Amino acid sequence: MENNRFITNKELVTDDGDISLRPTTFDDYIGQDKVKANLKVYVAASRARGEALDHVLLYGPPGLGKTTLAHIIAAELGVEIKVTSGPGIERAANLASLLTNLQERDVLFLDEIHRLNHSIEEVLYPAMEDFVLDISTGKGAGATSLRLPLHKFTLIGATTRAGMLTGPLRDRFGVICRLEPYSTADLVRIIKRSARLLKITIDDDAATELSSRSRGTPRIANRLLKRVRDFAQVMGDGNITLPITVKALNDMEIDPLGLDYNDMKLLSALVQKFDGGPTGLDTLAAAINEDAGTIEDVIEPYLIQLGFIARTPRGRIALKAAFNHLGVKPSKKAVMQLSFLDTVGGNNE
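A brief report on the enclosed structure follows. (Residues numbered from 1 in each chain as written. Predicted model: local features only at pLDDT ≥ 70, side-chain atom pairs only at ≥ 80, totals over all residues. Heavy atoms only, no water.)

The next point concerns the overall build of the protein chain. Assigned secondary structure in the protein chain consists of 14 helices and 9 strands. A total of 349 residues make up the protein chain; the buried ones form 47% of that total. For the protein chain, contacts bridging at least 24 residues in sequence account for 70% of all contacts bridging at least 6. Here the protein chain displays about 17,000 Å² of accessible surface, and carbon together with sulfur accounts for 51% of that area. (Helix = DSSP H or I, 4+ residues; strand = E, 2+ residues; numbered from the N terminus. Buried < 20%, exposed > 50% of the residue type's maximum accessible area, 1.4 Å probe, protein only. Contact = heavy atoms within 4.5 Å. Areas by Shrake-Rupley, 256 points an atom, 1.4 Å probe, with all protein chains shown as cover.)

Pairing between the strands of a sheet is mediated by backbone hydrogen bonds and can be parallel or antiparallel. Overall, parallel pairing links the 5 strands, which are arranged β2-β3-β6-β1-β7 in an open sheet. Two strands lie at the open edges of the sheet, namely β2 (81-85) and β7 (175-178), each paired on one side alone. Adjacent strand axes in the sheet meet at a mean angle of 15° when their direction is disregarded. Sitting on the sheet, helix α1 (residues 33-49) touches β1 (56-59) and β7, and the angle it makes with β7 is about 160°. (Pairing = 2+ DSSP bridges. Axes fitted to C-alpha atoms, helices over the stretch in contact; angles between N-to-C directions.)

Below, the discussion takes up helix α10 (residues 261-273). The end-to-end C-alpha distance of α10, which contains 13 residues, comes to 17 Å, matching closely the 18 Å that a straight helix rising 1.5 Å per residue would cover. Those residues of α10 that sit buried are Asn262, Asp263, Leu266, Leu267, Ala269, Leu270 and Val271. For α10, the elements touching its buried residues are α11 (281-288), α12 (292-305), β8 (309-312), β9 (315-318) and α13 (320-326). The opening residue of α10, the one whose side-chain oxygen lies 3.2 Å from the backbone nitrogen of Asn262, is Asp260. Asp275 sits one or two positions beyond α10 and adopts a positive phi of about 55°. (Expected span 1.5 Å × (residues − 1). Polar contact = N/O pair within 3.5 Å; in protein donor to acceptor, adjacent residues only side chain to side chain.)

Attention shifts here to the pairing of β1. In this structure, β1 lies alongside strand β6 (residues 154-159), joined through 4 bridges in parallel fashion. Paired with Leu57 across the strands is Gly157, a residue of β6. Where β1 meets β7, 4 bridges bridge the pair, whose relative direction is parallel. Looking across to β7, one finds that Leu58 is bridged to Cys177.

Here the focus is the pairing of β9. Consecutive residues of a regular strand have side chains that alternate between opposite faces of the sheet. Pairing geometry for β8 and β9, over 4 bridges, is antiparallel. From the neighbouring strand, Arg311 faces β9, where its bridge partner is Arg316. Between β8 and β9, which follow one another and run antiparallel, lie 2 residues.

Here the focus is the nonpolar core. Within the largest apolar cluster, 47 residues are counted, with the highest numbers of intra-cluster contacts made by Leu39 and Ile202. Among the elements that take part in this core, helix α8 (residues 218-235) stands out by supplying 7 residues, more than any other. Contact partners of Leu39, with chain neighbours within four places excluded, come to Phe26, Val56, Leu69, Ile73, Val175 and Cys177. Formed by 26 residues, the second largest nonpolar core is a distinct cluster that contains Leu266, Ala269, Leu284 and Ala322. (Core = buried A, V, L, I, M, F, W, Y, C linked by side-chain atoms within 4.5 Å.)

Helix length check: helix α4 (residues 118-130), at 13 residues, gives a terminal C-alpha distance of 19 Å against a target of 18 Å (1.5 Å per residue), a fit within 8%. At Leu124, α4 shows its maximal bend, which comes to roughly 25°, and the proline Pro126 appears one to four places after that position. Residues Ile120, Glu121, Val123, Leu124, Tyr125, Pro126, Ala127 and Met128 constitute the buried set of α4. Immediately beyond the C-terminal end of α4, within one or two residues, lies Phe131, with a positive phi of roughly 55°. (Bend = angle between axes of the 7 residues up to and from the residue.)

Taken as a whole, this structure holds 16 salt bridges when the rule is applied. Arg49 is paired through a salt bridge with Glu51; the nearest N and O atoms lie 3.1 Å apart. Among the ionic pairs, Glu209 bridges to Arg213, the shortest N-O distance being 2.8 Å. The structure contains a network of salt bridges with shared partners spanning Glu296, Glu300, Arg311 and Arg316. (Salt bridge = Lys/Arg side-chain N within 4 Å of Asp/Glu carboxyl O.)

Rendered as structure tokens:
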């Protein structure tokens, strides 16, 4: 189950303490250099003109800092930020209350914007484009429409699924930024910064090992850092060394590539039970006793990113890297299949 996964890049209740680790300025924000450089220009120009920043869409995998960036943008603009989410806005009245309470140039941060109800989107369109709120009262022939002016504001939308946004909504964002997984070097810098804030000492090689198992995600890196700290406190003198880091991560069943028990269970099933596939999603889900949606949305993306599996019209297929990682020699049938994929190119649709 996703809720039981320690290595997940989704936010957990235990991550609440990470708020103190979040940077509050662009200069403190590590990584995403292209996105950060562009946003600094847009924010500086907006402040110089005394205007609201154009609406901003931040998209990319979870845990990469979209929420942090939204707060930094508001702080750099010198305005207030109101935070909500797509699922949290159930009725048009909820959205109307948020919008009418925004002051000039304020920021409204809307997480999981792809989960907005269609009727809510319809209310949002004129608010984003013309800074007005259209309210309908009454029903049938007696229905009337009111148009209320709003203060000019900036909507910052965040999503892990940009493809699920409707065209009209996506077109109303003037700034669109894609966040990419972090490099090992950037994660090392983040880990060292977090260690300083947590008053932890960590060796350079330990920080590198920790970053390599963090799946390119700062949220996971900070979560692992705090757990490895526990091992260092109990089994050592509090200093995080490489041996303690390796032992802690191995005990947590997180391998050198950042794969956990759930990842390995799926890979093992696909390689050993189904001879590398192709295997249908529902069949694979039944084999590992996991929900098909969790496999598709949570487990598979990182395995695909590593080049371990491919999604094909006939089902999931284990690639050569998966066999190598498990130390399993492909059967003749699997070798033929892999050769065919190499010829025609893998399909991850």
